[in-house]
Amino acid sequence: MRSDQKIWQLIDKVNEVILGKQQFVFEVIAAFLAGGNVLLEDIPGVGKTTMALALSKVFGMEWNRVQFTPDVLPSDLTGFSIYQKEEGRFVYQPGAVFCNLLLADEINRTSPKTQSALLEVMEEKQVTVDGETRPLPRPFHVIATQNPTGTAGTQLLPPAQMDRFLISLSMGYPDPHSEILLAKQVSVGKRTDQLRPIVSTGELENIQEEINDLFIHDAIYQYIVELVGKTRNHPLIELGASPRATIALVKFTRAVAWLNGFEFVQPSDVVDHFIPIVSHRVVLSHKAQMEGISKKEVLQRILADIAKPALRRMT
């Protein structure tokens, strides 16, 4: 079976567990194929942990979950060295990040110091403790959940950390039909128990390399750079997107094109995913906030202002 067929089989299996969220499942898996981290900005109880567990099973990944609270320490994530009297030396004890998939639950409830411990982990896929750098297992991905801004006990994530998430998504409530199905399955045990590995971690890395070679026309590169650049001088945006947003759009649109069976990225791939890739990286101006203008609306204006390249120019 071809690798793309196995990925679509994997998507179908996850959709049997995460009911009524086909587009959400597609985008999370596309982020994995692009080698990125995912931020889920949502209320508790809509199935984010189930999603992470489902992904760990179908990809055959080792996963850890950390419930972020104010008393979680950086060493809980990165590990620490402890003196072993029997051996007469300090021995390193790995932290929670030593896995393939880390679910950082309610990440905006912990201290900034603990949040900052994830910066190197998310960007470099490594941990430095006591002056020694240790690589994490490959592949490595973070799925972080964030409670709505203003919820009791939460604080804003710093821009540097937000920038390390490839995409920001909201799972949202299930539709009534899917919620009825969930209610009927209460007595049948965990829905993830049925899941088995479909794509190994080694196969995932090979797919990621294949996606990295997918063709992007210069007109698409120019279009992406213009869109991201517009966020840096827009009157309703105080802090624009960094070059990481440009790189993220390139990686994610390649993964989307590959999943859809195309050999090159199309302009519609950029248009469809510009907002979830960029929205968490920008900060609105005080004027926009006072007038109640959302990030989505501002980014939609940017999409409308910049002409999409025509396919006929890409031959």
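Calculation criteria
- Residues numbered from 1 in each chain as written.
- Predicted model: local features only at pLDDT ≥ 70, side-chain atom pairs only at ≥ 80, totals over all residues.
- Heavy atoms only, no water.
- Helix = DSSP H or I, 4+ residues; strand = E, 2+ residues; numbered from the N terminus.
- Rg over C-alpha atoms; globule rule 2.2 N^0.38 Å.
- Buried < 20%, exposed > 50% of the residue type's maximum accessible area, 1.4 Å probe, protein only.
- Contact = heavy atoms within 4.5 Å.
- Areas by Shrake-Rupley, 256 points an atom, 1.4 Å probe, with all protein chains shown as cover.
- Lys, Arg positive; Asp, Glu negative; His and termini not counted.
- Charge placed at Lys NZ, Arg CZ, Asp CG, Glu CD.
- Pairing = 2+ DSSP bridges.
- Axes fitted to C-alpha atoms, helices over the stretch in contact; angles between N-to-C directions.
- Left-handed = near helix turned anticlockwise from the far one by under 90°.
- Nonpolar A, V, L, I, M, F, W, Y, C, P; charged D, E, K, R; others polar.
- Expected span 1.5 Å × (residues − 1).
- Arc of directions from axis to C-beta.
- Polar contact = N/O pair within 3.5 Å; in protein donor to acceptor, adjacent residues only side chain to side chain.

1. Here we look at the overall build of the protein chain
Next, step 1: Assigned secondary structure in the protein chain consists of 14 helices and eleven strands.
Next, step 2: Relative to the compact-globule value of 20 Å for 315 residues, the protein chain shows a C-alpha radius of gyration of 20 Å, a close match.
Next, step 3: In terms of principal-axis extent, the alpha carbons of the protein chain reach across some 70 × 45 × 40 Å.
Next, step 4: Each of the 315 residues in the protein chain was classed as buried or not, and the buried ones make up 50%.
Next, step 5: Look at the contacts in the protein chain between residues 6 or more apart in sequence, and 77% of them connect residues 24 or more apart.
Next, step 6: About 15,200 Å² of surface is accessible on the protein chain, with carbon and sulfur atoms providing 52% of the total.
Next, step 7: The averaged location of the 36 negative side-chain charges in the protein chain is 2 Å from the averaged location of its 32 positive side-chain charges.

2. Some points on unusual backbone geometry
Next, step 1: The residue after Arg 138, namely Pro 139, is reached through a cis peptide bond having omega -5°.
Next, step 2: With respect to the helices, strands and loops of the structure, Pro 139 is situated in the loop between β7 (132-135) and β8 (141-146).
Next, step 3: The residue Glu 106 is not glycine, and still its phi comes out positive at about 55°.
Next, step 4: Its location among the elements puts Glu 106 in the loop between β5 (101-105) and α5 (112-116).

3. Structural notes on the pairing of strand β1 (residues 38-41)
Next, step 1: Looking at chain direction, β1 and β8 are connected through four bridges and run parallel. If you follow Glu 41 over to β8, its bridge partner there is Gln 146.
Next, step 2: For β1 and strand β9 (residues 167-169), the ladder comprises three bridges, and the chain directions are parallel. Note that in β9 the partner of Leu 39 across the bridge is Ser 168.

4. Quick notes on the packing of helix α1 (residues 3-17) against helix α3 (residues 48-58)
Next, step 1: Packing of α1 against α3 brings their axes to within 10 Å, and their N-to-C directions diverge by 145°. Considering only the axes of α1 and α3, their crossing is right-handed. Contacts from Leu 10, Val 14 and Val 17 in α1 reach Thr 50, Met 51, Ala 54 and Val 58 in α3.
Next, step 2: Partitioning the contact of α1 with α3 into residue classes produces six nonpolar, one polar and no charged.

5. So, helix α9 (residues 201-212)
Next, step 1: Look at α9: 17 Å from first C-alpha to last across twelve residues, which is about the 16 Å you get at 1.5 Å a residue.
Next, step 2: Listed as buried for α9 are Leu 204, Ile 207, Gln 208 and Ile 211. Take α9 and look down its axis: the buried residues cluster within an arc of 105°, on one side only.
Next, step 3: Buried residues along α9 sit in contact with α1, α2 (22-33), β8 and α11 (243-259).

6. Digging into the environment of Asp 163
Next, step 1: Along the chain, Asp 163 falls in the loop between α7 (159-162) and β9.
Next, step 2: Overall, Asp 163 belongs to the buried group, its relative accessible area being 12%.
Next, step 3: Expressed as a C-alpha distance, the spacing of Asp 163 and Val 225, which sit 62 residues apart in the sequence, is 16 Å.
Next, step 4: Setting aside chain neighbours within four positions, we find Asp 163 in contact with Ser 242, Arg 244 and Arg 281.
Next, step 5: A distance of 3.4 Å separates a polar atom in the side chain of Asp 163 from a polar atom in the side chain of Arg 244.

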